[in-house]
Each structure stands twice: as C-alpha cells, then as structure tokens.
Amino acid sequence: MTDEIAALKRELCRMVDDRRDEYIGLLRDFLRIRSANPPGDMREAAAFVREVLDGFGVPHRTLAARDDMPNIVGRWESGKPGRTLVLNGHMDVFPVSKETLWDAEIVGDRIVARGASDMKTGTLASILTYGLLHPYRNWLAGNLTLTVVSDEQSGGRYGTRYLFEEHAGEISGDCCLNGEPSGLSTLRFMEKGTLRFALTASGPGGHGGYPHRAHNPIEQIVKAVHAIYESFHLKLADLPPEFDAILTSPDSVAAADAALGKGAAENARRITVNAGIIEGGAKATQIPTDCAVHLDMRYPVGVECSAMRAELESIAAAHGCSMVVNEDHSYPASSTDPNGEMATILRGNIKDLTGNDAPPVCSLGGTDARYWRWRGIPAVICGPSNLSMGTDEEHVTLDEAITVFKLHICCAADYLGAGAR
C-alpha cells in the first residue's frame, strides 16, 4: 500500500466519523422502507438508492427483468488502466412478524430494524464506498462497479442471477466485495450449497379407525423424512484437505463458534437437513388424502450433489412419495482463496479498524457472492453480526455500522490503489 492510499483511507475514515449522524440517519431511512421478500416489491427501495447515488453525482442505471424487482448497476472508471472491483448488496429483506421493525428505532447503542443485519447495512456500505471514492478516482487505477439487487432472499432469479444471464459484461469484474452479515471477527471465504425440495404423498383418505382401507400419507411422509435424516443429517463431508485444515484450525474453530454459536465450526464440515414445513390432514379422526413436507439441505464443498439427489429420490420412491426440487433455491457450494489478495486486504483492514484477526470460516447461509465465485472471480464477505438476522430483535450497533462503512471503503481503496502509481 502506497503512502498516498494510506492517507486517502485515513481521510475517508475521518469523513465517515465527521458525518456519523448523517450516515446513521441515511441507514435508518433505508431500513424504514418496507422491502420484504415475499412479496418482493423493491421499487421504493430502488428509488431511495437512486436518490442517494444522484446526491453523489455518480453514474448508474436500472436493469430489471420485472418492473417490481429493479436492480441498480453503476460503474465509474479511474482514468488509469487496471482491474475492476465489484461491490454487491441486496435491498430485499425477510418478512416481519412485528411491525415496529420498520420504525428503525435507536435503542441504546443499536438500531433495531428488519434488514439492519441482513443486509441493508452492508448494502449501504457498498453505496457509500461507490459514492465517496468517486471524487478520488484519480488516486486509483481500474474501475469500480456497484450492483444493488432485488430478489436475493428468493434465490436471485430476478436479481444477481438475471444480471449475469443478461448483462454479465457489466458486472463480472476481477473481484467482488459483499457486505452480507458475518461479524467483524471472521473472513467468510466459503459457503455451503443448498438443496431445497418437497416430498408429497396422497391417498384416498378415510376414517381413522379404518386403517385397513387406506394408507396414511402423513405416515409415509414422516417415515421418508426420518430416513433422510438418518442418511444425511450431520454426515461429515469429504472436504478438500486444504479446506478441512482451515476449518479445523483452532483459530477458525474459535472464530466460527464465537460468531455463529458453539458448534458452528463442526456444522460447517457436515451436511444438515431441516424439515421446515409439514402440511396435511384436517382432523385427528380422518385419514388424510394429502401430505407435503418442505426440506432444506445444506452441504459443504466436496459433496457431489447429483449423487445426493439420486439417493433422495430413491428414499422418496421407497416410501411412495414424489419429490420435486426447487431449482431457484438449489445451488452448489462455493469458495474463494482465503489467502487471496482481497481476503488479505480485508483481514488487514479488520485488524486496523477493530483489532480482530478475522480467521477464515465457512458461511452457513447463502449469499450472492456465489455467482462470482462460480465464475472463478474471487468474492469475500464481511458485514455486521449475523446472529440477530431474521429475528424480531434484528439489529446493528451504531459503532458496528460505522465500522462496516469504513471497512468497505478501505478495502476498495486498497484494491484499486494497488495498481496506481
């Protein structure tokens, strides 16, 4: 890192501190926008993003497969040849069961709001990085691309996936930085794959006292689910040795368990099964005519999904059930080099800003970073704590939000400043 880039980082961090109240207010305004998915209407959130970008005077345009799910894409050039860094974040958030989560109230040292963790804090970090670095682009080399997307919560069919299918040249780049929730003490270099599917069973139905006249679809489903758990749940994956060494190192284990709860490090190396929804029957005295269960499986790098699917189909057939995979929510595991350039930059800036070492760990949920990793583009994740995401107490602390803003600005400055002379 040159002295000029170090000075630029210090100047921008001071600017964020000086404008702390302004940026916290901007985050609260963003959080008050009802952008739950489902239903997924992101038009108000997109209008907010465009307004912020217009305030910075930076280029952007809207690309959409559906009018109610717009994506904002921007790109500016430094004027010097170099690499392209892509910033990625999403606008959509989980639904709420408590309407006060849309108030974005400050309670003590935190903002309590839907999306505070997942992931409007990280998305605003991308937006601020794109806008605040623009006046200093002559200090840098290469290009900075911004992607603020819809539909991440539902698999990305109309968001990042659509952009890669229709506008890949605009968003590919040489590296991706994503602000999904992770905590400021870990480097997320890998995430599990997902297989989401439903099993269904049906029959003629009848009176509960006459089981000799009709089979019970609920019984079929329960036995099939039990067989799936027995075959797969917590089964140790055949990870590549280099990844297994990282995930079992004492530093990584301690960091993962601290950030994600005790047992997370071991979970990262295993397949997990979750039967999340079961539907069937109308009355205890009736044999139901139908039953369905919806399952979500997560699996590490090293698991052959096609073989797993074939075994699941055999289990379903053996219990007289039909199996349908939700392809929009099923995708392979992904990873990036935990010792690569951006990973090293990120760990260095986390250390400088927080004092944390941030060992590499595996994410247990999915992010849009996978779309870049699948194409061989390094993609790393660092955002606020993930422990409250999706809950009725979802929050980000004020200091954490400011640190995430600074972190993304510093990482982008380092990456694009590496080629500047």
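These numbers come from a predicted model, not from an experiment. (Residues numbered from 1 in each chain as written. Predicted model: local features only at pLDDT ≥ 70, side-chain atom pairs only at ≥ 80, totals over all residues. Heavy atoms only, no water.)

A. A look at the pairing of strand E6 (residues 143–149). For E6, a buried count of 7 out of 7 residues is recorded, marking the element as mostly surrounded by other parts of the structure. Of the two faces of E6, the one lined by Asn143, Thr145, Thr147 and Val149 and the one lined by Leu144, Leu146 and Val148 are each fully buried. Alignment of strand E2 (residues 71–77) against E6, held across 6 bridges, turns out to be antiparallel. Residue pairing in the sheet places Val73 in a bridge with Thr147 of E6. (Buried < 20%, exposed > 50% of the residue type's maximum accessible area, 1.4 Å probe, protein only. Helix = DSSP H or I, 4+ residues; strand = E, 2+ residues; numbered from the N terminus. Pairing = 2+ DSSP bridges.)

B. Region of the structure containing the sheet that holds strand E4 (residues 105–107). Strand order in the open sheet formed by 3 strands is E4-E5-E18, and the pairing between neighbours is antiparallel. In this open sheet, the two edge strands, each paired with only one partner strand, are E4 and strand E18 (395–397). In this sheet, neighbouring strand axes are inclined to one another by 30° on average, regardless of whether the strands run parallel or antiparallel. With 3 bridges joining them, strand E5 (residues 110–112) and E18 adopt antiparallel strand pairing. Each residue of the ladder has a partner; that of Val112, found in E18, is His395. Sheet strands touched by helix H13 (residues 398–417): E4, E5 and E18. Its angle to E18, the strand with the most contacts, is close to 80°. (Axes fitted to C-alpha atoms, helices over the stretch in contact; angles between N-to-C directions. Contact = heavy atoms within 4.5 Å.)

C. Expanded view of the packing of aromatic side chains. A full pass over the atoms with the stated rule returns 8 aromatic pairs. Consider the rings of Phe164 and Tyr371, whose centres lie 6.5 Å apart with planes at 20°: the pair is stacked. Pair noted here: Phe164 is in helix H5 (residues 160–171) and Tyr371 is in helix H12 (residues 369–373), with a separation of 207 residues, a long-range link. Considering the side-chain rings of Phe189 and Phe243, the 5.6 Å spacing of their centres and the 65° angle between planes classify their relative orientation as edge-to-face. With Phe189 in strand E8 (residues 187–191) and Phe243 in helix H7 (residues 241–247), the pair connects residues that are 54 residues apart, well separated along the chain. An aromatic cluster of three or more residues is present, and its members are Phe164, Tyr331, Tyr371, Trp372 and Trp374. We note Lys120 situated over the ring of Phe30; from NZ or CZ to the ring centre the distance is 5.0 Å. The ring of Phe164 carries the charged tip of Arg375 above its face, separated from the ring centre by 4.0 Å. (Phe/Tyr/Trp six-rings, centres within 6.5 Å; stacked < 30°, edge-to-face > 60°. Lys NZ or Arg CZ within 6 Å of the ring centre and 35° of its normal.)

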